[in-house]
Amino acid sequence: MAFIGRSVPRLEDRPLVTGKGRFAADVSFPHQLHMRVVRSPQAHGRILAIGTSAALGLPGVVAVWTAGDVSDIPPIDFRMTKIEGLEPYRQHILATDHVRYVGEPVAVVFAEDPYIAEDAADLVEVGIEELPVITAADGPVGIFAGTASTEPAQVRKGYGDVEAAFKSATHVVELDLSTGRHSAVPMETRGALGRYDASKDVLEMYGAAKVPHWNRDQVARMLKRSPSQVHFYEGHVGGGFGVRGELYPEDVLVCAAALRLGRPVKWIEDRREHLIAANHSRQQRHKIRAAIDATGKIIGIENEFFHDQGAYVRTHAATVPDLSAAMVLGPYHVPHYRTLGHIRLTNKTPCGTYRAPGRFETTFVRERLMDAIAARVGITPVEARRRNLIGKDEMPFERPIDALGTHVVYDSGDYAGLLDKSLRKVGWDELQMSIEARRAAGELVGAGIGMFVEKSGLGPYDGVKIAVDVGGKVEVITGAASVGQGVETVIAQICADTLGVDYTAVRVVHGQTDRIDNGMGAFASRVTAMTGEATRIAALKVKAKALDMAADLMQAAAADLEIVDGRVTAASGAKASIALGDVARHLLPVSRTRGEREPGLSAEGWFFSDHMNYPYGVHVAVVRIDAETGDVAIEKYLVAYDVGRAINPMLVEGQIVGGFAQGLGGAMFEELSYDERGEPLSVTFADYLIPTAHEVPSIDVLVTEDAPSPLNHLGVKGAGEGGTNAVGAAIAAAIDDALGLPGAVTQLPITPDRVKQMVVRRADFAASGIVQKPLS
Amino acid sequence: MKPASFEYHRPTTLEEAVKALAEYAPQDGRILSGGQSLVPTMALRMAKPAHLIDINGVRELADIKVTEDALIIGAGVRHAAFHKPVVDGALGQLLSFVVRHIAHYPIRQRGTFCGSLAHADPSSEWCLVSATLDAEITATSVRGARSIAVTELIEWAMSTTLAEDEILTSVRLPLLPENTRFGFYEFSRRAGDYALAMSLVTYELADGVIAAPRVGIGGVEGVPRRIAEAEEVLLGQKPSPDLFRAAAEAVANAADPMSDLQASANYRRDLARTVVRRALERSLP
Ligand SMILES: Cc1cc2nc3c(=O)[nH]c(=O)nc-3n(C[C@H](O)[C@H](O)[C@H](O)COP(=O)(O)OP(=O)(O)OC[C@H]3O[C@@H](n4cnc5c(N)ncnc54)[C@H](O)[C@@H]3O)c2cc1C
């Protein structure tokens, strides 16, 4: 019975759909206190005084802390992509002398219930002397503090001779493009509960997600404990998407308070807080130039961009600009390349990663560029791409740059093949004819494509422990985390097939730092590739041990035995068989039959990888524009994605469809806006518009397995981010096409107001007599 | 997002309710009706009323009455009551067409018609309907009851001429003559969002020409209102695409649109033109 490759139901669904889930807010302990964060009302200023006496006087308030109370706790460190010079820009858990964004924690209140805590927080008086505010990342460089400027670092990557490339070019295509600030808004807001168990001298944190082990190590370091004296527990997580589970000030504060106040301390983020306190993402402006020859082939690309990091550099450090610099080239040949990324600090919420970080942004930029190249040389957008795609026979394809500290080597891929399949799937040629006919009848309809290369399976390692108990149940313990994506099911499928049991007999334990010492967590579409392979390796060892033991018991050669549906049987078909649980019993420490074998039907498996692998995809969008209102209707949308090997195709499709909805948000709806004083304007769901079931069209999904990864045995590549990656790019292209104005869209999100302006511009063009024919 | 503490009162008769409001209004007391606007603002602590007088238990406010010439909607009547026509003829159909544009299904089960008028959001569909049809409301206090034209009630966005001790107890919408035609069109960013612009038009068709035209716009200016300039264009004319375009243009010229995060004033002007024309087109059978 094979489980890999089948759309078996999710193991995690039963508790979730029966209301038995255990999210951060569901965890409570007797005598717990509730924490409320007092946040800066100013975008930039010097803290003059913080008055806490009124708050402290409120019955039920136990403590109020300001920076002075936590001055022994260092700022939050970087987990990823550290580059020189970022240290001064780390965020302290409470603002010290200055506040640098609206929403920055300046004080915390601990009280007997959340209502009192919020009442008391209102009574904390924060005196701030206002300072000038920087809201734009592409303006002049300012002062962060002392001698530190608001441009802490630059990201430079490149190869070849870009000057020569531009000198030899027939055409130069130049664009100025921006993506809007937005971020993930998981259904479950953040939450953390710190508890000190004095009977064991252990500090516990509930509500962990994404990277529990790293966060445990950091909290241990910051609070001067040993990692083994700190346990992090992940419950159900209502969506991660890059944002949830990073180490934030609030996580450290509940832990510090639990230790000092001697009572459990609970903090549940509210939605307004989430929209100003959790990581923002995506805001980037690119000035990109391509040198091309007469046929539209790229000779070189120069890319300068401004990354709006917000007020501080958080755990991701330079991850997003690094990926932006490394991934902007996508599936194309680019003989010469140079990029300069400016990491800029602004007086806005600090930023981190969001699903397809650095790729949603740069796919928009690159694919806009490909469309511009097509328009310049007078070929179709499809043809412009074909002329530049990296060929299947060139795999593995090396780019002489690095991404997240790993060398960029596209491990496998058939980009042109997937483009063909996608165009066939949407009936591209007939589509072009019908679009032409409808245009002739006065409709504004158009189609656009976006191609991309994703990255997944980030190492460097993953390890799992597998044990079979005497009842025949299998427990897989991993340091990976689950943010709701189906980790338990997929890992169980891999374990089940490898070992020879039913996948429902496998229980996957994740995100519990007291069950396994090491773990990388869940991010960068890494779990199925990395944890999956570690699971397979561990399961093979368990299987070998089971067969070895059973061989003794059944008086057969291990090589003649196999495990089917949880029983060891003779491959020859002989009737005799023995249940795995019984094999486990023979391996108990007290068992006489165990012989010299190590006790336990269990094993550890480790998998190491220095390289990421590279899934790839194609998005196709067909849109219709309402010329009067600027409204854009998505008539058809295809996501084609090659994931090497789909362990559970249903989950892959789910990832793609959900990812698409978030991509659509960034492409057309979601924007975290600020006024010129740095006041956030999108602080509720009335102003921050996430697409709802009504706005998200049903889409076509094509999952292919044409290019298995050579980097892991199963050939798996990650599936988490391809649905999001090219939504901005494809919709922008379709809108251009519908308007017959190549290059019209230069900015995301594409709102009706902005589309209406393009429609007006189109009418002006028509009036001026310049004919802009859409290329199809 | 925990509201500040407040004292909760739940009267069961109108008499008790007005007494309670008279007593607590000076101490920052407020009426709680459907709660669909008030409760979110309390959760955000943008509103911190010290007293809430919940009128959901007042039986005598719960009904819709039909008289010879009007529909009278009590303060307890929810948006959802209008999903199906509440009265024969054009008015019932009009209300049931419009109501589907208000928020989402669950919100319509709680929010009230009268609460919408008291709240006076510029993009409230019921404010637009009431302004376009020249509705009147009854305001009741310990001092007695008075009627106020809706055009007099709504002063500016989110602000009414109700005295602090007055409950908006009912709204009176005139029934529409049998030969009335209506059209409504709304544009919003997402389904259920407040409109960026919307229009309600009604007119009677007598001998093929338009009589008694009413052209209302909402979501465009601070207060929904009728646009006399457009009504003049329509009066006495035969419905035609050109006529509708001219009326829409008159609205675009007369409007003084707001500007906010979702839409600039210029864009709203364009939308006003479009929603009026489309509302007029929808009035055709
Ligand atoms: C997500 C969302 C979307 C929405 N979208 C729309 C929309 O598209 N269109 C729309 O029109 N509305 C929309 N609403 C608002 C909704 O229609 C409210 O129900 C309505 O605005 C207020 O009615 P209520 O009965 O809920 O009033 P409440 O929230 O109870 O009260 C609102 C205010 O009016 C006062 N008040 C209420 N009733 C009376 C009374 N009888 N006498 C005196 N004062 C009174 C209250 O004191 C309070 O100040 C939306 C709400 C939400 C949450």
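Bear in mind that the values here come from a model prediction, so they are computed numbers and not experimental data. Residue positions are given per chain, counted from 1 along the sequence in the order it is written. The lettering of chains begins at A and the numbering of ligands begins at 1, in the order of writing. The predicted nature of this model means local features are confined to residues of pLDDT at least 70 and side-chain atom pairs, given and counted, to a pLDDT of 80 or more, with totals for whole chains, interfaces and linings taken over all residues. Hydrogens and water are ignored here; the side-chain numbers use all heavy atoms of the structure.

Trainee: I'm lost on the overall build of chain A in this one. Help?
Mentor: Per the convention used, a helix needs a DSSP run of H or I reaching at least four residues, while a strand needs a run of E reaching at least two, with both numbered from the N terminus. Counting secondary structure elements, chain A contains 19 helices and 30 strands. The C-alpha radius of gyration computed for chain A amounts to 28 Å, which stays within 12% of the reference 28 Å derived for 776 residues, consistent with globular compactness. Judged by the C-alpha coordinates and their principal axes, chain A covers about 95 × 75 × 50 Å. Across chain A, the fraction of contacts at a sequence separation of at least 24, relative to all contacts at a separation of at least 6, is 81%. When charges are counted, neither His nor the chain ends are considered; positive counts come from Lys and Arg and negative counts from Asp and Glu. Here the site of a charge means NZ on Lys, CZ on Arg, CG on Asp, or CD on Glu. In chain A, which carries 80 positive and 97 negative side-chain charges, the distance between the mean positions of the two groups comes to 2 Å. Here the globule rule is a power law, 2.2 Å times the number of residues to the power 0.38, and the radius of gyration is based on C-alpha atoms. By definition in these notes, contact holds between two residues if any of their heavy atoms fall within 4.5 Å.

Trainee: Could you clarify how one ought to interpret the packing of helix α9 (residues 241-254) of chain B against helix α10 (residues 265-282) of chain B in this entry?
Mentor: Angle between the axes and distance between the axes are the two parameters that describe a pair of packed helices. Residues and elements named next belong to chain B. Where helices are involved, their axes are fitted lines through C-alpha atoms of the stretch in contact, as for all axes, and angles between N-to-C directions lie from 0 to 180°. Between α9 and α10, the least distance of the axes is 8 Å, while the angle of their chain directions is 145°. Note that α9 runs across α10; the crossing there is right-handed. Across the interface between the two elements, Phe244, Arg245, Ala247, Ala248, Glu249, Val251, Ala252 and Asn253 of α9 pack against Arg269, Ala272, Arg273, Val276, Arg277, Leu280 and Glu281 of α10. Take the far helix as your reference; a near helix turned counterclockwise from it by less than a right angle gives a left-handed crossing, and one turned clockwise gives a right-handed crossing.

Trainee: Before we go on, may I ask you to explain the environment of valine 476 of chain A in this structure?
Mentor: Residue and element names in this part refer to chain A. Tracing the sequence through the fold places valine 476 in strand β22 (residues 474-478). Residue burial is assigned from relative accessible area. The probe radius is 1.4 Å, only protein chains are included, and a residue is buried under 20% of its type maximum, exposed over 50%, and partly exposed in between. Residue class for valine 476 comes out buried when judged on its relative accessible area of 0%. Expressed as a C-alpha distance, the spacing of valine 476 and histidine 333, which sit 143 residues apart in the sequence, is 43 Å. In contact with valine 476, not counting residues within four places along its chain, are Val464, Lys465, Ile466, Ile491, Cys495, Val506, Arg507, Val508, Val509 and Thr535.

Trainee: Help me understand the site of the ligand, please; the structure alone is not making it clear to me.
Mentor: Residues and elements named next belong to chain B. We call a residue near a molecule or strand whenever a single non-hydrogen atom of that residue lies within 4 Å of it. Of all residues adjacent to the ligand, which total 30 residues, the nearest are Ile31, Gly35, Leu38, Thr112 and Glu125. Under this definition, polar contacts are N or O atom pairs within 3.5 Å; protein pairs additionally need one hydrogen-donor-capable and one acceptor-capable atom, and for neighbouring residues in sequence, both atoms have to be side-chain atoms. Residue isoleucine 31 places a main-chain N or O atom 2.5 Å away from an oxygen atom belonging to the ligand. Here an oxygen atom of the ligand sits 2.8 Å away from a polar atom, N or O, in the main chain of glycine 34. We get accessible surface area from the Shrake-Rupley algorithm with a probe of 1.4 Å; when it comes to residues, only the shown protein chains can shield them. Relative to its unbound accessible area of 970 Å², the ligand is 89% covered by the protein chains. Counting only elements with at least two residues in the shell around the ligand, the list comes to β2 (29-32), α5 (113-119) and β10 (167-174). When grouped by side-chain class, the residues that make up the shell around the ligand number 13 nonpolar, 14 polar and 3 charged. Looking at which domains feed residues into the shell around the ligand, each of domain 1 (62-174) and domain 2 (180-282) gives three or more. The nonpolar class holds Ala, Val, Leu, Ile, Met, Phe, Trp, Tyr, Cys and Pro. Asp, Glu, Lys and Arg form the charged class, and all remaining residues, Gly among them, are polar. These domain limits were set by an automatic method or by a database of domain assignments.

Trainee: Where do I start with the confidence of the model for chain B in this structure?
Mentor: Caution is warranted with low-pLDDT regions, since their predicted coordinates should not be read in detail. Summary of the metric used: pLDDT quantifies the predictor's per-residue confidence within the range 0 to 100. This prediction gives chain B a mean pLDDT of 97; 100% of its residues lie at or above 70. Confidence estimates for the predicted assembly give a pTM of 0.97 and an ipTM of 0.96.

Trainee: What is the right way to look at the domain arrangement of chain A in this model?
Mentor: Interface extent is often summarised as the accessible area lost during association of the parts. All names here are of chain A. When the domains of chain A are assigned, the result is domain 1 (15-132 + 189-237 + 244-277), domain 2 (284-291 + 299-311 + 353-456 + 614-768) and domain 3 (458-608). Of note, the centres of domain 1 and domain 3, computed from C-alpha atoms alone, are 39 Å apart. Overall, the association of domain 1 and domain 3 removes approximately 1300 Å² of surface from exposure, summing both partners, and the carbon and sulfur fraction of that is 51%. When the buried area of domain 1 at its contact with domain 3 is split by residue, Lys210, His213 and Glu234 rank highest and sum to 48% of it. Only one rule defines a salt bridge in this text: a Lys or Arg side-chain nitrogen within 4 Å of an Asp or Glu carboxyl oxygen. Remark: the boundary between domain 1 and domain 3 carries 0 salt bridges. Counting every contact that joins domain 1 to domain 3 gives 9 residue pairs in polar contact (both at pLDDT 80 or more). Only α5 (212-222) and β13 (230-233) provide two or more residues apiece to the side of domain 1 that touches domain 3. Summed over both partners, buried area is the accessible surface (1.4 Å probe) that two parts give up on being assembled.

Trainee: Can you walk me through the packing of helix α13 (residues 487-499) of chain A against helix α14 (residues 527-554) of chain A in this structure?
Mentor: Residues and elements named next belong to chain A. The geometry of α13 relative to α14 is characterised by a closest axis approach of 8 Å and an angle of 35° between their N-to-C directions. Relative to α14, the crossing made by α13 is right-handed. Residue-level inspection shows Val487, Val490, Ile491, Ile494, Cys495, Thr498 and Leu499 of α13 in contact with α14, the latter providing Val527, Thr528, Thr531, Gly532, Thr535, Arg536, Ala539, Leu540, Val542 and Lys543. In terms of residue class, the contact of α13 with α14 is made up of 10 nonpolar, 5 polar and 2 charged.

Trainee: I'm lost on empty space enclosed by the protein in this one. Help?
Mentor: To locate leftover empty space, one rolls a probe as large as a water molecule over the atoms. Points on a 1 Å grid over protein atoms alone make up a cavity when a 1.4 Å probe fits among them but cannot get out, and a pocket when they form an open set with protein on both sides within 12 Å along at least five of seven lines; lining residues each have an atom within 4 Å of a point. Grid points are joined across faces, edges and corners, and a volume is the space filled by probe spheres set on the points. Scanning the entire structure with this criterion turns up 5 cavities of 30 Å³ or more. Taken as a whole, the largest cavity holds about 70 Å³ of empty space. Looking at the lining of the largest cavity, its residues break down into 5 nonpolar, 4 polar and 4 charged.

Trainee: Would you take a moment to explain the side chain of arginine 100 of chain A for this structure?
Mentor: Residue and element names in this part refer to chain A. When you line up the elements, arginine 100 lands in the loop between β4 (98-99) and β5 (105-111). Despite being buried, arginine 100 has no salt bridge partner; glutamate 104 is the closest side chain of opposite charge, sitting 5.6 Å away. Residues contacting arginine 100, with those up to four places away along its chain left out, are Ala43, His44, Phe144, Ala145, Ala311, Tyr312, Thr346, Asn347 and Lys348.

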